[in-house]
Amino acid sequence: MSQFPKEAISRSRVLVVGDIMLDRYWFGEVERISPEAPVPVVRVVKREDRLGGAANVARNIVALGAHATLAGFVGEDEAATSVRQLLSEAGIQAHMITDVAHPTTLKMRVLGRQQQLLRIDFEEKPTATLLEALRDQVEKLLAGHDVLVLSDYAKGALAEVDVLIELARKKGLPILVDPKGTDYRRYRGASLVTPNRSEMQQAVGVWSSEQELTDRAQVLREQLSLDALLVTRSEQGMTLFTGQGREHVEAQAHEVFDVSGAGDTVLATLAVMRAVGIDWPTAMRWANRAGGIVVGKLGTSIVTAGELS
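On a predicted model such as this, the values are computed, not experimentally measured, just so you know. (Residues numbered from 1 in each chain as written. Predicted model: local features only at pLDDT ≥ 70, side-chain atom pairs only at ≥ 80, totals over all residues. Heavy atoms only, no water.)

Before going further, it helps to examine the packing of aromatic side chains. Under the criterion given, the structure shown has three aromatic pairs. An angle of 15 degrees between the planes, with centres 6.0 Å apart, marks the rings of tyrosine 25 and phenylalanine 27 as stacked. The same class applies to tyrosine 25 and to phenylalanine 27, which are both buried. Taking 5.6 Å as the distance between ring centres and 80 degrees as the angle between the ring planes, the aromatic pair formed by tyrosine 184 and tyrosine 187 counts as edge-to-face. With respect to burial, tyrosine 184 and tyrosine 187 carry one shared label: buried. The ring centre of phenylalanine 27 lies 4.7 Å from the NZ or CZ of lysine 46, which sits over that ring. Across the ring face of tryptophan 280, the terminal group of arginine 274 is positioned such that the distance to the ring centre comes to 4.1 Å. (Phe/Tyr/Trp six-rings, centres within 6.5 Å; stacked < 30°, edge-to-face > 60°. Buried < 20%, exposed > 50% of the residue type's maximum accessible area, 1.4 Å probe, protein only. Lys NZ or Arg CZ within 6 Å of the ring centre and 35° of its normal.)

See below:
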């Protein structure tokens, strides 16, 4: 693999659009069971907020040395204040649409002894008016960027993803999509789609051999007019399908501590590599290395240019 293209990446600009979330962690000590119900009592000793979803993709892009712009929805609430502060601290250009009736998507996790005990989600689907405002926002922002990344967490920001793909195609930008759901027709015309193993099974069914996976993946890639389809497969590594065939890399993780946010790191690495003109197979190898690093960290984390160099 070639040297990490640090200088070229520092000049690249990536636009990230999708579901913006706040990941909230409450860390505590568990020393007894509640007398009210058979559940552990967690005495909270530390609280931490981290950027999640599309915001975590943008955070990873900046950590790798590129410029990131983020578009999506937040509410007028305490979680949005935290998101804005974290984006500012990370150096991410935020172009978020705010709506008082649309609460910021918040995932709150309670951990005791490094184990996740509970997760509470707060979320609402955006209205048609909000989606229209996002479309207009993206259309204005595309011109100043090298790549469009669409981070779909099925919270509604990408309900009209086909429109956003068409806008980017008209500008000639590469389009990378982290998908959700079973209807991949929505992503037709993207450059690269990056399902994980379970998402790929939802899209094409369960395969019984590598040849069957290859056949189904290539059919899907051609149906959607994609340049490439990358299936991330946890401990089995990553498999890339292009018009030139199939390429596979083995997983690089030495110790898997937490997989949350690993897909964001992989997507961000692919995006910055594509922004500087690196081919898909080489981009996959860099993304695989980044993914192997990030799963050794707790919670939604990042990989830096220094760690990859």
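This is not the end of the story, as more comes after the structure.
Sheet strands line up and pair through hydrogen bonds in the backbone, either parallel or antiparallel. Judged by pairing direction, the sheet is mixed, and its four strands sit side by side in the order S3-S2-S6-S7 without closing on themselves. Whereas interior strands pair on both sides, the edge strands pair on one side only; in this sheet they are strand S3 (40-53) and strand S7 (115-122). Across this sheet, the average inter-strand angle for adjacent strands is 20 degrees, counted without regard to direction. Sheet topology note: the strand S2 (residues 20-33)/S3 ladder contains 13 bridges and is antiparallel. If you follow glutamate 29 over to S3, its bridge partner there is arginine 43. Sheet contacts for helix H3 (residues 78-90): S2 and S3; angle to S2, the most-contacted strand, approximately 110 degrees. (Pairing = 2+ DSSP bridges. Helix = DSSP H or I, 4+ residues; strand = E, 2+ residues; numbered from the N terminus. Axes fitted to C-alpha atoms, helices over the stretch in contact; angles between N-to-C directions. Contact = heavy atoms within 4.5 Å.)

Throughout the structure, instances matching the rule amount to 19 salt bridges. Residue aspartate 152 pairs with arginine 186 through a salt bridge whose shortest N-O separation is 3.1 Å. Within this pair, whereas aspartate 152 is found in the loop between strand S8 (147-151) and helix H5 (161-171), its partner arginine 186 is found in the loop between strand S9 (175-178) and strand S10 (192-193), the two being separated by 34 residues in sequence. Among the salt bridges present, the one from arginine 246 reaches glutamate 210, with a minimum N-O distance of 2.7 Å. Taken together, the residues arginine 246 in strand S13 (residues 245-249) and glutamate 210 in helix H7 (residues 210-223) connect sequence positions 36 residues apart. (Salt bridge = Lys/Arg side-chain N within 4 Å of Asp/Glu carboxyl O.)

The alternating pattern of S9 places Ile175 and Val177 and Leu176 and Asp178 on opposite faces, both of which are buried. The sheet contact formed by S8 and S9 spans four bridges and is parallel. Within the sheet, the bridge partner assigned to valine 149 lies in S9 and is leucine 176. Note on the crossover from S8 through H5 to S9: the handedness is right-handed. Summarising the sheet, S9 and S10 pair through two bridges and their orientation is parallel. Within S10, the position partnered with valine 177 by the bridge is valine 193. (Right-handed = clockwise from strand over helix to strand, strands pointing away.)

Here the focus is a nonpolar patch on the surface. A surface patch of nonpolar side chains, about 330 Å² in accessible area, is lined by Leu117, Leu118, Ile120 and Phe122. Relative to the helices and strands, leucine 118 resides in strand S7. (Patch = residues over 30% accessible without salt bridge, like charges linked within 9 Å, V, L, I, M, F, W, Y side chains within 5 Å. Areas by Shrake-Rupley, 256 points an atom, 1.4 Å probe, with all protein chains shown as cover.)

Side chains on a regular strand alternate between the two faces of the sheet. Counting buried residues in strand S4 (residues 67-74) gives seven out of eight residues, a clear majority hidden from the surface. Pairing between strand S1 (residues 13-18) and S4: five bridges, direction parallel. Bridge pairing in S4 links arginine 13 to histidine 67. Both S4 and strand S5 (residues 93-98) contribute to a ladder of six bridges, which runs parallel. Among the inter-strand pairings, threonine 69 is bridged to a residue of S5, identified as glutamine 93. For the segment spanning S4, H3 and S5, crossover handedness is right-handed.

That is the geometry; function is a separate question.
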